[in-house]
Amino acid sequence: MLILLFFTLSLHAQSWGDQGDGSFRNPILPTDLSDPDVIRVKDKYYMVASDFHFLGMQILESEDLVNWHVVTQLYHCFDYPGWNTMEHYAGGSWAPSIRWHNGRFWVYFCTPDEGLFMTNAERAEGPWSPLLLVKAVKKWEDPCPFWDDNGKAYLGHSLYGAGPIIIHRMSDDGTQLLDEGTTVYTGPVAEGTKIHKWNGYYYMSIPEGGVCCGWQTILRSRDIFGPYERKIVLEQGTTSINGPHQGAIVDTPEGSWWFFHFQEWSPLGRIVHLQPMHWENGWPVMGIDFDGNGIGEPVMTVEGQLLKVKGRKTKDYLWTDDFEGSSLKPEWQWNHNPNDDAWSISENKGRLTLHALQSNDFIHARNSLTLRTIGYQGTATIKLDFSNIADGMRCGMGCMGKKNHLLGIQKENGLLRLYTEDNGQEETSIPLKGEKIYLRLQLDASNNVYRFEYSLNGHKYKQLGKGFYMKWGNWKGARIALYAYNNIAAQGTAIFDDFNYVVKH
């Protein structure tokens, strides 16, 4: 069953597909989708994941559990202190849950500073209801709603620092909690609960033991408030897949069962695996028990007979954005509340216009647009028109992570220069003339070597600065960024177009 094949990936509006024979290899999504939760509605599947300080929370859709595309974002901004001034790195939307109830999608998530939020919609594409603050509270995490057979509603969650697991009675309309909660389980770093009910049992699927070296635990009880039996169902064991836990159990219309989980893999972040699952004696069995200790371990490749994978991918993947249309593609995310007066894709039709806002550095710059990096090798290229930048302004392309690296243009005392920056420290600088330039980021996550290149004609590229390594930070993996800011005043404009991202298969 285990054979070496190329990985399968789909994140953007086009699909990567399978290996050509119906099989797929893990990770199915080698990109930063932390704490994934997945549900099936009829014959389609929907995923949400933690976005932390990157705004919007994307919802993804699939027809086969392997190929995914981004449908929309669930919200636009946080109307709370500090979100306009870059004070919430590592905050924002932590592990969410998505459910289907009463003809609607429901998404719940907690932020560490503001509280428990909910939004719902009839269609995955939206419109989604404005974020409702169900409870203003600090340091809650990983909520999951549950509607019982009689319509009664509950909500489970854990506390910052991972545990214990607490269940509240909730109003049937999902808008308010009705009690202070009951602690139903205390375990070693227990968090991320997902609540289900099958064959008269209440099941809680929870990760334990921490991200780097944890495992997946299942709890079951005849009463939602316990007491619960406990069984470990997935562990690293003899495999190279560390910390296989925190995810979702989902079934197919054909009756097969699957488990999504993530693996922490710097610099990409938390990448998504899909494990086969079946039931034995009322307990889920995930992966394969290679060492015979009664606990499943992750598999790298799954044969096609177990899942009808659609599509076929045998060459490199190209994702492009010409910035046409009436709105940004939902793959783009701001790392702050956007200032909607400072950016546009209609002001210069077919191009992204970023007006520089005042900031002393990139990390506090507000008008920065970001995109997940995907896969293990790739090339991202953007054309930049810098004819309207102002003194004091900097603009260009960045690679964001625990440290931030920039390739950009600065104007100072009327003179232009092209520069690279390593976490706030300027590294390389050369004089520049003209009005347009092509900026390129070469990505090699396998060897953790990244580098910047530039071209004046879009054909011949030169490297600028040294190669650098990336590391995930603030709970997020490496990202591509487009930025514009000015350390003197809010003035000057950068105009981007022809964004191309080639991901090596």
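Residues numbered from 1 in each chain as written. Predicted model: local features only at pLDDT ≥ 70, side-chain atom pairs only at ≥ 80, totals over all residues. Heavy atoms only, no water.

K.L.:
For the nonpolar core, give the residues involved together with the corresponding values.
P.N.:
The biggest cluster of nonpolar side chains holds 50 residues, and the ones touching the most others in it are Leu352, Phe499 and Tyr501. For this core, the leading source of residues is strand S38 (residues 493-503), giving five residues. With near-sequence residues (within four places) excluded, Tyr501 lies in contact with Tyr317, Leu318, Trp319, Leu371, Arg372, Thr373, Ile374, Thr379, Ala380, Leu443 and Ile480. Phe24, Leu33, Leu60 and Trp258 belong to the second largest nonpolar core, which has 23 residues in total. (Core = buried A, V, L, I, M, F, W, Y, C linked by side-chain atoms within 4.5 Å. Buried < 20%, exposed > 50% of the residue type's maximum accessible area, 1.4 Å probe, protein only. Helix = DSSP H or I, 4+ residues; strand = E, 2+ residues; numbered from the N terminus. Contact = heavy atoms within 4.5 Å.)

K.L.:
Requested: an account of the environment of Ser327, with residues and values cited.
P.N.:
Among the structural elements, Ser327 can be located in the loop between strand S23 (317-321) and strand S24 (333-334). For the pair Ser327 and Ser346, spaced 19 residues apart in sequence, the C-alpha to C-alpha distance is 8.8 Å.

K.L.:
Residues and numbers for the pairing of strand S7 (residues 104-111), please.
P.N.:
On a regular strand, each side chain points to the face opposite its neighbour's, so the side chains alternate between the two faces of the sheet. In terms of burial, S7 is largely enclosed, as seven of its eight residues are buried. Two strands pair when backbone bridges link them, and strand S6 (residues 97-101) and S7 are joined in this way by five bridges, in the antiparallel orientation. Within S7, the position partnered with His101 by the bridge is Arg104. Taken together, S6 and the strand that follows it, S7, pair antiparallel across an intervening segment of two residues, in which Asn102 is found at a positive phi of about 55°. Connecting the antiparallel pair S7 and strand S8 (residues 115-121) is a turn made up of three residues. (Pairing = 2+ DSSP bridges.)

K.L.:
Account for the pattern of salt bridges, naming residues and giving values.
P.N.:
Under the definition given, this model contains 20 salt bridges. In this structure, Asp51 engages Arg372 in a salt bridge whose closest nitrogen and oxygen atoms are separated by 2.9 Å. In this pair, Asp51 sits in the loop between strand S3 (44-50) and strand S4 (58-62) while Arg372 sits in strand S28 (residues 368-372), placing the two residues 321 residues apart along the sequence. Across the pair, Arg372 and Asp51 agree in class, each one buried. The partner of Arg123 in a salt bridge is Glu125, with the nearest N and O atoms 3.5 Å apart. Exposure remark for Arg123: the relative accessible area of 48% places this residue in the partly exposed category. (Salt bridge = Lys/Arg side-chain N within 4 Å of Asp/Glu carboxyl O.)

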